[in-house]
Number of protein chains: 2
Amino acid sequence: MQRYFLNESYNESVHEYEVTGEPFHHMIRVMRMEAGNHVYLVFANDMSLEAEIREVKADAVMLKPVAIEQLQRELPIKVTIASGFPKGDKLEWIVQKGTELGAAQFLAYPAKTSIVKWDPKKRQKKQERLQKIAQEAAEQSHRQVCPTVELFATQSDLLAAMETADCVLVAYEESAKKGEHAQLVQTFRKVAPGQHLMVLFGPEGGFLPEEIERFVAAGAICCGLGPRILRTETAPLYVLGAASYHYELLHDTNDTD
Amino acid sequence: MQRYFLNESYNESVHEYEVTGEPFHHMIRVMRMEAGNHVYLVFANDMSLEAEIREVKADAVMLKPVAIEQLQRELPIKVTIASGFPKGDKLEWIVQKGTELGAAQFLAYPAKTSIVKWDPKKRQKKQERLQKIAQEAAEQSHRQVCPTVELFATQSDLLAAMETADCVLVAYEESAKKGEHAQLVQTFRKVAPGQHLMVLFGPEGGFLPEEIERFVAAGAICCGLGPRILRTETAPLYVLGAASYHYELLHDTNDTD
């Protein structure tokens, strides 16, 4: 069933929804839906419900709620993926796959070994494009929340953002090479459902020691992601898959027994 | 340090190695190495060691062993990723990222909803190309084993291959939608280090019920991969990340304490 993200928050007392703009266009012109058809409406405050089309107007469609969508599809912790600017279209890949795998937020920042440099205009365009990719991926993977994307101009912006997290990890290649394997598990055991974990990833060239020092001084913890060296676009997916396995399969907070 | 895969098996009593062909070319012509330089040599039987260049000849380089590489970099279980033929170059992505993440083997087969159709000649070319991608990815991610790739002509070939596995899972979208979340954990608890787990993935169009019936009749078990719907090229990476988390981080068999 088709899924549409709305900017409003879910409100129990509302008994009719009016959908306009892009979702209206997709529903009525692209999918050619009619009165009686059902869709999922996903709200800004993590709620989603099944709704039935009651009436199709010239530029709006009126829907009535049928049932609240029960299944919790979001990772119990908020995970922010923060990537040192990688080359080419790897950020597109990270955002698309990372959204499927449950990330709450994507940040990107200029790392010392980053090759790409974007002026404010390019950065803005790239950010909008990535936000669109996140939205499409969220709809396709049945997410109830659409992740946000932000491209920073400087590393100081990243350090400021780090303060919004309950815990910050740095995926450091040198840690992996030395066989570090305890930190990710310890972190998952410490970060409780509802809390915010941020993970920093380097670009293709990796991190310089001075960057690691800066991140650690700001409270980040270095960790390995298993014994194999992962590319800049693969490492975030490892973390998200591991987080899902830990929080959703091993320790399912939805279990009623 | 550069890493080179050799076709021979490691033999303790050998005290000098002669490397020719492509690895020789890369070492001497591309990297311009000389006597005294060190490299990793990776053997056909899961051993790898650090070696020093003793002499550079016209078309061969002679190396002497320095030390056995201690760190276990391979997933404790063998994981085979079996993908229903996806569109475009998704198999290239799956093989590259799947190799970084530790897969032992890649199979691909024609699923009922697969759109691509390759004749034997195309299939052979594609298989060789994918094998090369696996080799490059294995070298870059410091694998000690190079995964194999095989493209099947029919689903019957896949069913025959299933018999080589100790356990076969089918990543089934319908299971995920219904909230199935126990099977992957149970499977990881059951498949012991050294054993072989095969996981079947559908193409973009998913599986038809008749295919699921066929796989289940042959002993496969359906499972979900968390509550979000994953694309055909993302799902294998989820399984490999989860396997690494389970076998290498949570239950580290390398721990000496």
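Residues numbered from 1 in each chain as written. Chains lettered and ligands numbered in written order. Predicted model: local features only at pLDDT ≥ 70, side-chain atom pairs only at ≥ 80, totals over all residues. Heavy atoms only, no water.

Enquirer: Talk me through the relation of the copies chain A and chain B; I want residue IDs and the actual numbers.
Expert: Between the two copies, chain A and chain B, the superposition gives an RMSD of 0.1 Å; the rotation angle is 180° and the shift along the axis is 0.0 Å. The relationship between the two copies is best expressed as a two-fold rotation axis. A shared interface surface links the copies, since 100% of the contact residues of chain A are contact residues in chain B too. (Least-squares fit on C-alpha atoms with pLDDT ≥ 70 in both. Contact = heavy atoms within 4.5 Å.)

Enquirer: Help me get a handle on the packing of helix α2 (residues 90-100) of chain A against helix α3 (residues 120-140) of chain A, residues and values and all.
Expert: All names here are of chain A. Contact geometry for α2 and α3: axes closest at 8 Å, N-to-C directions at 30°. When the interaxial angle is binned, α2 and α3 end up roughly parallel. Once α2 is placed against α3, the crossing between them reads as right-handed. Between α2 and α3, the residues in contact are L91, E92, V95, Q96 and T99 and K126, R129, L130, I133, A134, A137 and A138, respectively. (Axes fitted to C-alpha atoms, helices over the stretch in contact; angles between N-to-C directions. Helix = DSSP H or I, 4+ residues; strand = E, 2+ residues; numbered from the N terminus. Parallel < 35°, antiparallel > 145°, perpendicular 65-115°, else oblique. Left-handed = near helix turned anticlockwise from the far one by under 90°.)

Enquirer: Describe the interface of chain A and chain B, with residues and values.
Expert: Between chain A and chain B, the contact holds 45 residues from the first and 45 residues from the second. Note on chain A versus chain B: buried area summed over both sides is about 4,000 Å², and carbon and sulfur give 57% of it. The largest share of the area that chain A buries against chain B comes from R228, R231 and Y245 of chain A, three residues that together contribute 20% of it. Joining chain A to chain B, the criterion identifies 22 residue pairs in polar contact (both at pLDDT 80 or more). Mapped by element, the contributors of at least two residues to the side of chain A that touches chain B are α2, α3, α5 (173-177), α6 (183-190) and α8 (235-250) of chain A. At 10 residues, α8 of chain A tops the list of elements feeding residues into the side of chain A that touches chain B. Its residues assigned to classes, the side of chain A that touches chain B shows 18 nonpolar, 14 polar and 13 charged. (Buried area = accessible area lost by both parts, 1.4 Å probe. Polar contact = N/O pair within 3.5 Å; in protein donor to acceptor, adjacent residues only side chain to side chain. Nonpolar A, V, L, I, M, F, W, Y, C, P; charged D, E, K, R; others polar.)

Enquirer: Just give me the short version of helix α7 (residues 209-217) of chain B, but keep the residues and values in it.
Expert: Residues and elements named next belong to chain B. Along α7, the residues classified as buried are E211, I212 and F215. End-on, the buried residues of α7 take up no more than an arc of 100°, which puts them together on one face. Counted as exposed and oriented over 90 degrees from the buried face of α7: P209, E213 and A217. On the buried face of α7, the contacting elements are β7 (105-109), α4 (155-162), β9 (167-171), β10 (196-201) and β11 (221-223). After α7 finishes, the residue G219 shows a positive phi value of roughly 105°. (Buried < 20%, exposed > 50% of the residue type's maximum accessible area, 1.4 Å probe, protein only. Arc of directions from axis to C-beta.)

Enquirer: Let's hear about the packing of aromatic side chains: which residues, and what values?
Expert: One pass over the full model with this rule turns up 17 aromatic pairs over all chains. Ring geometry for Y17 of chain A against F43 of chain A: centres 5.2 Å apart, planes inclined by 55°, an arrangement best described as tilted. On the criterion of sequence distance, the pair formed by Y17 of chain A in strand β2 (residues 17-19) and F43 of chain A in the loop between β3 (38-42) and β4 (48-56) is long-range, its members being 26 residues apart. The burial state of Y17 of chain A is the same as that of F43 of chain A; both residues are buried. Here the aromatic rings of Y245 of chain A and Y245 of chain B are separated by 6.4 Å at their centres, their planes lie at 75°, and the arrangement is edge-to-face. In this pair, Y245 of chain A is assigned in helix α8 and Y245 of chain B in helix α8 (residues 235-250), connecting two distinct chains. Accessibility assignment for this pair places Y245 of chain A and Y245 of chain B in one class, buried. Through a chain of ring-to-ring contacts, the aromatic side chains of F188, Y245 and Y247 of chain A together with F188, Y245 and Y247 of chain B assemble into a single cluster. (Phe/Tyr/Trp six-rings, centres within 6.5 Å; stacked < 30°, edge-to-face > 60°.)

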